[in-house]
Every structure is written in structure tokens, then in C-alpha cells.
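Summary of structural features
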Amino acid sequence: MVGPALPPPLRVGVLGCADIARRRMLPAMAASGDIEIAAVASRDADRAARTAREFGCLAVHGYAELLALDEVDAVYVPLPAALHARWVEAALRADKHVLAEKPLTIERARTADLLALADARGLALLENVMFVHHPQHTAVRELLADGAIGTLRGFQSAFTVPRRPAGDVRHDPELGGGALWDTGVYPLRAALHLLGPELELVAALRGSGPGDRVDTDGAALLGTPAGVFAQIGYGLDHAYRSSYELVGSEGRITLDRAFTPPADHSPVIRLERGSGTEEIVLEPHDQVAATLTAFVSAARAGRAPRDTVADCPRQAALLESALLKGAQSANS
């Protein structure tokens, strides 16, 4: 007996040849049985050609030209943050599903408008926050729900990375650079993911190094109506750190390699209670592949998952608040 036919692969075009596209996303797409890399576009024709040869797809000179292709069902947008809104909107109006790098946009209102546009046109629009697709965070949620550390009292998280070479887009304000947009998204989204959508910003600080035109570090304090406080830190000129900690009335949960674990990494959740310390070792998981699986499912359904639709605009609102309060603090 012949089983039901499998759905055809999602034909994806890539707008730009950014490092994250070439190093992580395109290899993962090539390894996926649910995705066909249809085309890669760049404003540099030679760069598009080189990338296309590597991944066996069509090279396109120009982003609008790729969006005009009938053989593209969906697009991945790894462009600098300041360009997201323009090209995400163009892709949606060309009836393409969209997976866009974080942040979806650098304006709260534009984020809301694009999500509404995608919904109205029956298209999936996802922000590429990959860590939320890793099961280590589900395991942490389950421990909290089971009362493993008693009543939750606080959350701390940091994501900091070493300085990039001169000329990197992260240090260009015209392209939406800065630590808040690049690394601040991670601990802030983790706080939302674990503490819930009622999280509100209390205070924020942002700072810059000598000669920098963007913020290179920052911190924020947030809180929930239940009185749980979240402290987050982020930076672009620091030793690497990627972790969070949850403190309760009866114990503590700590997770390292929280945001960008390699696919072969076995996560370790450290659970400390009065009775002792336990290390819960999980199986390795490829969060890049999991993100693409979620995107394909959303595209086939014609909409983003409900929790994604809720978290993305809430994250945008908190980022905008942190930007404004942080700027006020820096200039006061």
C-alpha cells in the first residue's frame, strides 16, 4: 500500500550573504529534507555567485529580483537590523513566508505592523530567535512548574561576546548596530520565555567604549506583577558568557551555554537545593535544525505559532523601552 504523498520541500531564497547565513543557516537548510535552497541574492553579483555555487542554487543580483521569482516560496532575511523592516515587508507583499534574523525590526510599531500584515495575507513570519527551540529550556520550565526550587524569586541572565573586527555591522549605527539589538535580545527573550508576557521594564542602562558610535554594553532590571525580578546584562566587547540562573525559595537552577550551544553539546542543568546539588544532563540537540523545522511547519500552516506571535511584539516593546530608558540614563 502506498502511503500519503509527502509535502514538497519549502523553496527558500536568501536575501544577503551574511556570515550567519553562510556559516549556520545555509548548511542547515542544505541538510534539511524539508527545504530546497532555491536562490541566494546579494547586491554584489560575484558574492552571490560564489555562495550559490557552494550551495547549488540560483545566484541573483539584487534582493527585489529574488522576491520576483515564482520558484521561491519563502525567504530568509539575515540583513543588518536596520534593513529588516523594508525587506520583510517587501517579501510579505510578494507573498513569501519570512524567517528574519532578530530583532525582527528596531521599531515596536513596525514589528506590530509586519506581524499584522503576515496574518492578513495568510503568511508565516518568524523571528530567528533559535534558542527557544532547544529542549533544554523546556526542561527548565518543567522543573519550575514542578516546584523544584519552590516559589520563584528572581532571574539573572547575561549574553556577552568578544569584540568583532573593525568595520563589523554591529558597530554601525546606520545599520542598526549596538549591543542591545545584537546580544541584549537573548537574555531579554529568555526572561520572557521563562517569566511570562507580563514582564515590565523597571530600569535600564547602556554604555559605549571610547570611540564607539553604538552601545557596547548594557543592563536592565525587569519585574512581574507577582514580584519576580529579572536582571539581564549584555555586551559586544566582553569575555564570552551565555547563561541564566533562576533563584527560588528552596533552590536554584543554573544553565550555561544557554543561547548558542553547538549541535553536539550535551546541556547540563544544575539544580541546587538544600538536599544537595544535582546535574541533569540532556541529550545534544541542534537548535538551528529545530528552528528550520518550526519555520517549515509554520509556512505550511500559513501562520506563525501562537506563542511566537505573542512573544515577538512583547519583546519589541521591552527592547524599545530599554532603548529609551537606557538613552535617558546615559545622557542624564
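In short, a report on the structure.

About the thresholds
- Per chain, the residues get numbers from 1 upward, laid out in the order the sequence is written.
- Only residues with pLDDT of at least 70 are given local features in this predicted model, and only at 80 or more are side-chain atom pairs given and counted; all residues enter the totals for whole chains, interfaces and linings.
- Values reported for side chains reflect all heavy atoms of the structure, with hydrogen atoms and water molecules removed beforehand.
- Lining residues are those with an atom within 4 Å of a point, where the points come from a 1 Å grid over the protein atoms alone and group into cavities, where a 1.4 Å probe fits but cannot get out, or pockets, open sets with protein on both sides within 12 Å along at least five of seven lines.
- Grid points are joined across faces, edges and corners, and a volume is the space filled by probe spheres set on the points.
- Here a strand is any run of E in DSSP of at least two residues, a helix any run of H or I of at least four, and the numbering for each starts at the N terminus.
- Each residue gets one label: Ala, Val, Leu, Ile, Met, Phe, Trp, Tyr, Cys and Pro are nonpolar, Asp, Glu, Lys and Arg are charged, and the others, such as Gly, are polar.
- N or O atoms within 3.5 Å of each other form a polar contact, as long as, within protein, one can give a hydrogen and the other can take it, and as long as residues adjacent in sequence are counted only when both atoms are side-chain atoms.
- Contact criterion: two residues are considered in contact whenever any of their non-hydrogen atoms come within 4.5 Å of each other.
- Strand pairing is defined by DSSP finding a minimum of two bridges between the two strands.
- For helices, the fitted axis covers only the stretch in contact; all axes are lines through C-alpha atoms, and the angles between them, taken along N-to-C directions, range from 0 to 180 degrees.
- Residue exposure (1.4 Å probe, protein chains only): buried if accessible area is under 20% of the type maximum, exposed if over 50%, otherwise partly exposed.

**Brief notes about the layout of surface pockets**
In this structure, the largest pocket occupies an estimated 1200 Å³ of space. Every residue lining the largest pocket is counted, 47 residues in all, and those nearest its centre are Asp-19, Ile-20, Val-169, Arg-170 and Asp-182. Looking at the lining of the largest pocket, the elements with two or more residues in it are helix 1 (19-31) and helix 7 (179-195). Considered class by class, the residues forming the lining of the largest pocket number 25 nonpolar, ten polar and twelve charged. Taken as a whole, the second largest pocket encloses approximately 240 Å³ of empty space. If you go around the second largest pocket, the residues you meet are Leu-115, Ala-116, Ala-118, Asp-119, Leu-123, Leu-125, Arg-303, Ala-304, Pro-305, Arg-306, Val-309 and Pro-313.

**Some details on the side chain of Ser-243**
Relative to the assigned elements, Ser-243 resides in strand 11 (residues 241-248). Among the polar contacts listed, one links the side chain of Ser-243 to the side chain of Arg-241, at a separation of 3.3 Å. Beyond its immediate chain neighbours, meaning those up to four positions away, Ser-243 contacts Gln-156, Ser-157, Ala-158, Leu-255, Asp-256, Ala-258 and Phe-259.

**Focus on the sheet that holds strand 2 (residues 35-42)**
Ordered by their spatial adjacency, six strands build an open sheet running 3-2-1-4-5-6, and the pairing between neighbours is parallel. Bordering the open sheet on either side are strand 3 (58-61) and strand 6 (125-128), each of which pairs with just one other strand. Averaged over all pairs of adjacent strands, the angle between strand axes in this sheet comes to 20°, irrespective of strand direction. Note: strand 5 (residues 97-101) against strand 6, four bridges, orientation parallel. By the bridge assignment for strand 6, Val-98 is matched with Leu-125. Across the sheet, helix 4 (residues 84-93) is in contact with strand 1 (10-15), strand 4 (74-77), strand 5 and strand 6; its angle to strand 5 comes to roughly 165°.

**Examining the environment of Val-12**
If you trace the backbone, Val-12 turns up in strand 1. The class of Val-12 is buried, set by a relative accessible area of 1%. Distance in space between the C-alpha atoms of Val-12 and Val-98 is 9.2 Å, their sequence separation being 86 residues. Apart from the residues within four sequence positions on either side, Val-12 is in contact with Met-29, Ile-35, Glu-36, Ile-37, Ala-38, Ala-39, Ala-74, Val-75 and Tyr-76.

**Section: the sheet that holds strand 11**
Spatially, eight strands are ordered 8-9-10-7-11-12-13-14 in an open sheet, and the strand pairing comes out mixed. One side of each edge strand has no neighbouring strand; the edge strands of this open sheet are strand 8 (200-207) and strand 14 (276-281). Recorded for the sheet is a direction-independent mean angle of 10° between the axes of neighbouring strands. For strand 8 and strand 9 (residues 217-223), the ladder comprises seven bridges, and the chain directions are antiparallel. Paired with Ala-204 across the two strands is Ala-220, which belongs to strand 9. Where helix 7 meets the sheet, its contacts fall on strand 7 (152-160), strand 8, strand 9, strand 10 (229-235) and strand 11, and the angle it forms with strand 10 comes to roughly 155°.

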